[in-house]
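Here's the letter readout for the chains.
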Amino acid sequence: MKVLVPVKRVIDYNVKVRVKSDGSGVDLANVKMSMNPFDEIAVEEAIRLKEAGKAEEVVAVSIGVKQSQETLRTALAMGADRAILIVAADDVHTDIEPLAVAKILKAVIDEEAPGLVLCGKQAIDNDMNATGQMLAALTGWSQGTFASELDIEGDSATVTREVDGGLQTIKIKMPAIVSVDLRLNEPRYASLPNIMKAKKKPLDEKTAADYGVDTAPRLEIVKTSEPETRKAGEIVGSVDELVAKLKEAGAL
Amino acid sequence: MQDHENDEFQDIRDAVRALCAEFPDEYHRKIDEERTYPEAFVDALTRAGWMAALIPEEYGGSGLGLTEAAVIMEEINRAGGNSGACHGQMYNMNTLVRHGSEEQRRRILPRLASGELRLQSMGVTEPTTGTDTTQLKTTAVKKGDKYVVNGQKVWISRVQHSDLMILLARTTPLSEVKKKSEGLSIFLVDIKEALQSGMTMRPIPNMVNHETNELFFDNLEIPEENLIGEEGKGFKYILTGLNAERTLIAAECIGDGYWFTDRVVKYVSERNVFGRAIGQNQGVQFPIAEAYIEIEAANLMCRKASRLYDAGQPCGAEANMAKYLAAKASWEAANSCLQFHGGFGFACEYDVERKFRETRLYQVAPISTNLILSYVAEHVLDLPRSF
Ligand SMILES: Cc1cc2nc3c(=O)[nH]c(=O)nc-3n(C[C@H](O)[C@H](O)[C@H](O)COP(=O)(O)OP(=O)(O)OC[C@H]3O[C@@H](n4cnc5c(N)ncnc54)[C@H](O)[C@@H]3O)c2cc1C
């Protein structure tokens, strides 16, 4: 079985996000970018499937700006076998919308014929949480979202899903799209020899046009703003004072 | 960790950071408190291939340059660790790779790459001659197919946690050479064997958790196949290690500098006194900004030194200047970090006092600030010699 893992280049989770002065989005010029953390978990799971003898090949794919090849190299250094870069934007600020990404991925699936797609449940930049689901709709494959456990046996997969209020276990038919959640695994860090090997692994470069997909945005961002800064707290001297303050604030 | 744009070494940085993240502040604090060696950390670095970065691929390493090695060391210190526990293998490596024989390379390098052996020690400094290296008193006299070593070394680090040491000794008496830098030779010493046959070791308790020792040689026999390069040219060869050491330690200071500025920026932004963040005061901001500027500048010089080194060009001046700038910058950063943590800076649980002690070393070792100034004055600017 071949496993396809879509990975997205996003602003690094350690970076303090700054909104552009015109409110059109987040400033990404000269900012540290990394692989979307949920996608790292997907890559890790795919490699584990390969190590367990349940997958033969792990193919990482990224759709975005040319610099996404760094993200793909990270996936290759972790252990993916090869990578496909689909250049769909020139400006680092262009976010390809989930539907366009799903359409391109569908085209890649037609070409590559994987038995499983493992993707992150969402990207930490826009939190859309949509690509996996849209891809399942476009392909007509089964979907298991928010996976915190995954077990593949023959032509079905058992997926434990993290849902509000607990865990739900479902059994789905393969081929399938599985979107992964935080607790599925702990991704490995790349070793130096694997980083060196990754530089020599195949990385195909294509464009969105090669797949005939129009990536023009359908959504318009009206405004982006920073969260309100938290107001300084106040230390109260006694329970009575606390109760009085809470009443004053209308919280009691 | 402060925002930093991606640079060309991002893959290395990310991977080293991810490894270091498994060894949090508490780990390094405990190691310091107990004055033990960070075995688990160095093992993890070895297993992930980082300690073999400089070993050519044909001998099982990754064939990277000093530039990448500097990035690795920087990231370790930036993550709160202390590369002092393991940088010896990085700065010694090219002495063996560049000047060792093919037989020595084949015999040693694959075992260093696999982690079976460690080459963490370099024996240069002596108690009576200090920085005046060419005057060193330790002798190695050829007898048959062996060299017999007598003398004494001091401040020789990581001997208890290394298998091999590169030793500098005089093979031709000073009175018989034309230039004082001639007649010195370097040897590969098997530490475990040597400790049974003529070398004794006395650990030196010190201000930082840096395993370092006095060594005494009483007729230690070294087989002639462990002479590196040609006899008498050891001073030239040892410079390969010394220039690498200065450049790497510059990178470590830069890593420390970022650690200090990251920590102090966070602290002064959150600490409220007189009803506002202390970081709002320019008296607090400016020393931090100044240190940061100096770290960034030192970084440029460090890169220049490592690029020259990797190109096989002379880099003594740049390596020295990088170490000077970086050690000064990290010290300024350390000082402001400690100062603006107020009393909390002295509490071990903030790690500031530990890093403060660790980075202070680098104004003295591996070469003191004064000696760099005199090197630049007399060897770069051609001012009259003072000694
Ligand atoms: C923790 C630690 C680890 C070490 N590890 C190693 C190691 O692994 N291997 C190794 O070989 N060495 C090691 N060293 C030794 C280190 O390189 C020396 O301590 C350093 O080079 C200074 O030499 P010294 O201590 O003999 O000082 P000295 O040469 O005695 O100098 C003392 C002071 O006098 C100043 N001074 C001397 N001469 C002049 C002058 N002409 N003009 C102006 N100022 C001058 C110096 O700048 C210095 O501040 C280590 C040292 C320490 C502290």
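To be clear, the structure that these remarks concern was listed above.
Residues numbered from 1 in each chain as written. Chains lettered and ligands numbered in written order. Predicted model: local features only at pLDDT ≥ 70, side-chain atom pairs only at ≥ 80, totals over all residues. Heavy atoms only, no water.

### Quick notes on the overall build of chain B
Here is step 1: Within chain B, the secondary structure is distributed over twelve helices and ten strands.
Here is step 2: Rg of the C-alpha trace for chain B: 21 Å, near the compact-globule value of 21 Å for 387 residues, within the 12% margin.
Here is step 3: Sequence-distant contacts, at least 24 apart, represent 73% of the contacts inside chain B between residues at least 6 apart.
Here is step 4: Counting only carbon and sulfur atoms, one obtains 53% of the accessible surface of chain B, whose full area is about 16400 Å².
Here is step 5: Chain B carries 42 positive and 55 negative side-chain charges, and their two centres are separated by 4 Å. (Helix = DSSP H or I, 4+ residues; strand = E, 2+ residues; numbered from the N terminus. Rg over C-alpha atoms; globule rule 2.2 N^0.38 Å. Contact = heavy atoms within 4.5 Å. Areas by Shrake-Rupley, 256 points an atom, 1.4 Å probe, with all protein chains shown as cover. Lys, Arg positive; Asp, Glu negative; His and termini not counted. Charge placed at Lys NZ, Arg CZ, Asp CG, Glu CD.)

### Things to note about helix H3 (residues 98-112) of chain A
Residues and elements named next belong to chain A.
Here is step 1: The end-to-end C-alpha distance of H3, which contains 15 residues, comes to 20 Å, matching closely the 21 Å that a straight helix rising 1.5 Å per residue would cover.
Here is step 2: Within the sequence span of H3, burial applies to Pro98, Ala100, Val101, Ala102, Ile104, Leu105, Ala107, Val108, Ile109 and Glu112.
Here is step 3: One or two steps after H3, the chain reaches Ala113, where phi turns positive at roughly 50°. (Expected span 1.5 Å × (residues − 1). Buried < 20%, exposed > 50% of the residue type's maximum accessible area, 1.4 Å probe, protein only.)

### Details of the site of the ligand
All names here are of chain B.
Here is step 1: Within the structure, the ligand sits among 18 residues, and Thr125, Thr131, Trp155, Ser157 and Ser368 are positioned closest to it.
Here is step 2: Here an oxygen atom of the ligand sits 3.1 Å away from a polar atom, N or O, in the main chain of Pro366.
Here is step 3: The side chain of Ser368 places a nitrogen or oxygen atom 2.4 Å from an oxygen atom of the ligand.
Here is step 4: Within the complex, 67% of the 980 Å² of free accessible area of the ligand lies under protein.
Here is step 5: Going through the elements one at a time, strand S3 (146-157) and helix H12 (369-380) are the ones with two or more residues in the shell around the ligand.
Here is step 6: Ranked by residue count, the leading element in the shell around the ligand is S3, at three residues.
Here is step 7: Classifying every residue of the shell around the ligand by side-chain character gives ten nonpolar, eight polar and no charged. (Near = heavy atom within 4 Å. Polar contact = N/O pair within 3.5 Å; in protein donor to acceptor, adjacent residues only side chain to side chain. Nonpolar A, V, L, I, M, F, W, Y, C, P; charged D, E, K, R; others polar.)

### Things to note about the sheet that holds strand S5 (residues 82-87) of chain A
Hydrogen bonds between backbone groups are what pair the strands of a sheet, and the pairing can be parallel or antiparallel.
Residues and elements named next belong to chain A.
Here is step 1: Pairing is mixed in the open sheet, where nine strands are placed in the order S9-S8-S7-S10-S6-S1-S4-S5-S11. Of all the strands in the sheet, just strand S9 (166-173) and strand S11 (203-207) have a single pairing partner and so form its edges. Neighbour-to-neighbour, the strand axes of the sheet open up by a mean angle of 30°, direction not taken into account.
Here is step 2: Examined bridge by bridge, strand S1 (residues 2-6) and strand S6 (residues 116-120) share two bridges and lie parallel to one another. Note that in S6 the partner of Val3 across the bridge is Leu116.
Here is step 3: In the packing of helix H2 (residues 68-78) onto the sheet, contacts are made with strand S4 (57-64), S5 and S11, and the angle to S5 comes to roughly 165°. (Pairing = 2+ DSSP bridges. Axes fitted to C-alpha atoms, helices over the stretch in contact; angles between N-to-C directions.)

### Here's the deal with the nonpolar core
Here is step 1: One finds Leu118 of chain A together with Trp50 and Leu112 of chain B to be the most contacted residues of the largest nonpolar core, which totals 135 residues.
Here is step 2: Ranked by residue count, the leading element in this core is helix H8 (residues 234-270) of chain B, at 17 residues.
Here is step 3: Excluding its chain neighbours within four sequence positions, the residues that come into contact with Trp50 of chain B are Ala190, Leu192 and Ile195 of chain A together with Ile12, Ala15, Val16, Leu19, Leu45, Ile72 and Met90 of chain B.
Here is step 4: Ranked by size, the runner-up nonpolar core spans 27 residues in total, among them Ile63, Ala102, Val117 and Ala136 of chain A. (Core = buried A, V, L, I, M, F, W, Y, C linked by side-chain atoms within 4.5 Å.)

### Considerations on the environment of Lys236 of chain B
All names here are of chain B.
Here is step 1: The residue Lys236 is located in helix H8 in this model.
Here is step 2: Since its relative accessible area comes to 54%, Lys236 is described here as exposed.
Here is step 3: Note: C-alpha distance between Lys236 and Leu184 (52 residues apart in sequence) is 8.9 Å.

### As for the environment of Leu184 of chain B
Residues and elements named next belong to chain B.
Here is step 1: In this fold, Leu184 is placed in strand S5 (residues 184-190).
Here is step 2: Linking Leu184 and Ala140, residues 44 residues apart in sequence, is a C-alpha distance of 9.0 Å.
Here is step 3: Sequence-distant contacts of Leu184, that is, excluding residues within four places in its chain, are made with Thr134, Leu136, Leu168, Ala169, Arg170, Thr171, Gly232, Lys233, Gly234 and Phe235.

### Remarks on the interface of chain B and chain A
When the parts come together, some accessible area is lost, and that loss is often what is quoted as the size of the interface.
Here is step 1: Taken together, the contacts link 22 residues of chain B with 19 residues of chain A.
Here is step 2: Interface area for chain B against chain A, summed over the two sides, is near 1600 Å², with a carbon-plus-sulfur share of 52%.
Here is step 3: The salt bridge involving Lys200 of chain A is made with Glu57 of chain B; its shortest N-O contact spans 3.4 Å.
Here is step 4: At the boundary of chain B with chain A, the tally comes to four residue pairs in polar contact (both at pLDDT 80 or more).
Here is step 5: For the side of chain B that touches chain A, the element with the highest residue contribution is helix H1 (residues 10-20) of chain B, accounting for eight residues.
Here is step 6: The residue inventory of the side of chain B that touches chain A, partitioned by class, reads ten nonpolar, five polar and seven charged. (Buried area = accessible area lost by both parts, 1.4 Å probe. Salt bridge = Lys/Arg side-chain N within 4 Å of Asp/Glu carboxyl O.)

In short, shape yes, function no, at least from these values alone.
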